[in-house]
Amino acid sequence: QTVKLTHVWNEQSAGQAGLAAGDEIIALSGFKMASVQALESYLARQDIGDDIPCHYFRRDELHETVIHLYEPPCDRVLLEPALKKPDEALEWMSK
């Protein structure tokens with residue numbers, strides 16, 4: 001199994017390393033990446049500025065690159081309920 005990239009931002013780490021949408025990552029630093037969870041778990045243990053060897057397939061041809069980890073953009077938000085009591089939320093939603 002591999003992790004297939006669906007989107008790559010050119011100005012971010014994967015794009016700067018030459019990866020593209022459709023590439024299938026098979027290993028980072030020699031560790032198999034068989035799922036998105038494995039990839040995210042591995043990357044969470046790395047530091048900004050690290051250089052990570054990456055093996056991947058592009059159209060069934062094996063490639064190798066080095067991914068330099070840049071600071072990720074602040075493009076996500078975390079939504080939390082404003083109400084402290086779940087019963088209040090249910091009451092509000094039923095109106």
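Quantities reported herein were computed from a predicted structural model and do not represent experimental measurements.

Novice: Can you walk me through the pattern of salt bridges in this structure?
Specialist: Between side chains of opposite charge, pairing is possible as soon as their charged atoms come close. Throughout the structure, instances matching the rule amount to 1 salt bridge. Of the charged contacts, one joins Arg58 and Asp23 as a salt bridge, the two residues approaching to 2.7 Å between their closest N and O atoms. Here Arg58, found in strand S4 (residues 51-58), pairs with Asp23, found in the loop between helix H1 (13-16) and strand S2 (24-28); they are 35 residues apart in sequence, far enough to count as distant. For Arg58, a relative accessible area of 21% corresponds to the partly exposed category.

Novice: What should I look at first to understand the pairing of S2 in this one?
Specialist: Along any regular strand, the residues point their side chains to alternate faces of the sheet. Strand direction decides the pairing type here: strand S1 (residues 3-4) and S2, joined by 2 bridges, are antiparallel. The partner of Lys4 across the bridge, within S2, is Glu24. Relative to S4, S2 runs antiparallel, the two being bridged by 4 bridges. From the neighbouring strand, Ala27 faces S4, where its bridge partner is His55. Bridge count between S2 and strand S3 (residues 31-32): 2 bridges; the pairing is antiparallel. Looking across to S3, one finds that Leu28 is bridged to Phe31. In textbook terms, the turn of a hairpin is the stretch between consecutive antiparallel strands, and for S2 and S3 this stretch comprises 2 residues, one of which, Ser29, has a positive phi near 55°.

Cut-offs used in this document
Residue positions are counted from 1 within each chain, in the order its sequence is given. Selection of residues for local features in this predicted model requires a pLDDT of at least 70, selection of side-chain atom pairs for listing and counting requires 80 or more, and totals for whole chains, interfaces and linings are taken over all residues. Hydrogens and water are ignored here; the side-chain numbers use all heavy atoms of the structure. For this analysis, a salt bridge means a side-chain nitrogen from Lys or Arg found within 4 Å of a carboxyl oxygen belonging to Asp or Glu. Each helix is a run of DSSP H or I of at least 4 residues and each strand a run of E of at least 2, with the numbering of both proceeding from the N terminus. Three exposure classes are used, based on accessible area relative to the maximum for each residue type with a 1.4 Å probe and protein chains only: buried under 20%, partly exposed in between, and exposed over 50%. Pairing between two strands is assigned when DSSP locates at least 2 bridges connecting them.

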